[in-house]
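The lines below spell out each chain.
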Amino acid sequence: MNSTAGSKVEEEWGMWTEQLKLLSALHWALTFLFLAPSCVLLMTCLLFTPLWSLPVVYCLWWITDWKTPERGGRKSQWMSKWALWKHFRDYFPVKLLKTSDLDPSQNYIFACHPHGIMSIGAFCNFGTEATRFSKAFPGIKTFLTTLNGNFRVPLFRDYLMAAGICSVNNSSIDYLLSRNGTGNAVVIVVGGAAEALNCTSKEHILTLKNRKGFIKKALTHGTALVPVYSFGENEIYNQCLFQDGSWKRTVQSLFKKWIGFAPCVFIGRGIFSSTSKGILPFRRPITTVVGKPILVPKTEDPSDQEIEMYHQMYINSLTELFEQHKLEYGLSEIDTLTIT
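Below: a short report on this structure. (Residues numbered from 1 in each chain as written. Predicted model: local features only at pLDDT ≥ 70, side-chain atom pairs only at ≥ 80, totals over all residues. Heavy atoms only, no water.)

### Focus: helix α11 (residues 247–258)
1) Next: The terminal C-alpha atoms of α11 lie 16 Å apart, and with twelve residues this matches the ideal 16 Å at 1.5 Å per residue to within 8%.
2) Next: Of the residues trailing α11, G260 is marked for its positive phi of about 110°. (Helix = DSSP H or I, 4+ residues; strand = E, 2+ residues; numbered from the N terminus. Expected span 1.5 Å × (residues − 1).)

Written as structure tokens, this is what we have:
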């Protein structure tokens, strides 16, 4: 094969690879936005067809499987290694940075920040093997958590569990930290929907001041806290931020209060052109930095003062992590964390 032909093959392969990256990002966006309502619509429609028995049998099985999201879920190792996730990783790209070893004879709470719009850094690093988490932290098993309401959606719940996601409620966390052996890392995106509403590339606003439940869990189980920050997470979409007191902000807040999630209004890039608007995330590097564990003593009934002390200790450690790495990952010296 001459050099011209070889160059053409390489060019065609490069174009095909880029298309796969775009498709993987599109898959994620469509899954995030439409998979849950599509599952509800499918199951409802099947009830009015000759296949009505399928949703009925599923619902009967669902009752017996009700507690699985609170018992570590049902992660598929095969799914976590899909080639799809590697293309998804390379689209941005997403990277994982390890700053300290973790002892597999212990359990951990990974507190992730920021939430962003879709928590892509958290999912790619801790829900899949795209960034080879198991190689970086041998013996540590991650359990990415989300709202329990997501497991009330038929079929969608099974997709989430296969992707390594389980419930973030008290029962689930207690089980993972006390009755599931050791080497468990419970991944909690602490800011949740409230933080998503403040997502902007211009500021680094974390909803953390009154989020102390994860501190109490760490104390109750004697579990080390690990601060995690994903640089670039807030830059993959442009969100329309509404002023406090406006009717649009009020609607968002009501959704967050009643349903558990916030309907963010955001825009990304187009599918066929990077200069047009669409639902695809922008191609911005995301680097997830896993900090050093903060050792926490086991205290069955921690006092408010103890919780407050370790909460402040955690904020200090997270701030130090942010300051230490911000210049390396595209931020300026004047960029600071805002804790709300």
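### Observations regarding the pairing of strand β3 (residues 141–146)
1) Next: Sheet topology places β3 next to strand β5 (residues 184–189); four bridges connect them, and they run parallel. Note on β5: the bridge partner recorded for L144 is V187.
2) Next: Looking at chain direction, β3 and strand β4 (residues 165–167) are connected through three bridges and run parallel. The partner of T146 across the bridge, within β4, is S167. (Pairing = 2+ DSSP bridges.)

### Describing the environment of D174
1) Next: Secondary-structure assignment places D174 in helix α8 (residues 170–178).
2) Next: Separated by 104 residues in the primary sequence, D174 and E70 place their C-alpha atoms 9.1 Å from one another.

### With respect to a nonpolar patch on the surface
1) Next: A cluster of nonpolar side chains, contributed by L147, W247, V251, L254, F255, W258, I259 and F261, occupies part of the molecular surface with about 860 Å² of accessible area.
2) Next: The residue I259 is located in the loop between α11 and β9 (266–269) in this model. (Patch = residues over 30% accessible without salt bridge, like charges linked within 9 Å, V, L, I, M, F, W, Y side chains within 5 Å. Areas by Shrake-Rupley, 256 points an atom, 1.4 Å probe, with all protein chains shown as cover. Salt bridge = Lys/Arg side-chain N within 4 Å of Asp/Glu carboxyl O.)

### Quick word on the sheet that holds strand β8 (residues 238–239)
1) Next: Reading across from one edge, β8-β9-β10 is the order of the three strands in this open sheet, with antiparallel pairing throughout. The outermost strands of the open sheet, each flanked by one partner alone, are β8 and β10 (277–278).
2) Next: Of the strand pairs in this sheet, β8 and β9 are connected by two bridges, and their pairing is antiparallel. Following the sheet pairing, N238 is matched in β9 by I267.

### A few points about unusual backbone geometry
1) Next: Each neighbour pair has its own omega, and for F92 with P93 the value is 0°, a cis peptide bond.
2) Next: Here the amide bond leading from H113 into P114 is cis, since omega sits at -15°, within 30 degrees of zero.
3) Next: Its location among the elements puts P114 in the loop between β2 (108–113) and α5 (120–126).
4) Next: Positive phi is not limited to glycine here, since S119 has a value of about 50°.
5) Next: If you check the backbone angles, R132 has positive phi at about 60° while not being a glycine.

### Looking at the nonpolar core
1) Next: Among the nonpolar cores identified, the biggest contains 55 residues, and F88, F92, F110, I120, F123 and F126 are the most heavily contacted of them.
2) Next: By residue number, the principal contributor to this core is helix α1 (residues 3–46), which donates seven residues.
3) Next: The residues touching F126, leaving out its near neighbours within four places in the chain, are K75, L96, F110, C112, F133, T142, V187, V228, T288 and V290.
4) Next: In terms of nonpolar packing, the next biggest core, distinct from the first, is built from 32 residues, F143, F231, I307 and L337 among them. (Core = buried A, V, L, I, M, F, W, Y, C linked by side-chain atoms within 4.5 Å. Buried < 20%, exposed > 50% of the residue type's maximum accessible area, 1.4 Å probe, protein only. Contact = heavy atoms within 4.5 Å.)

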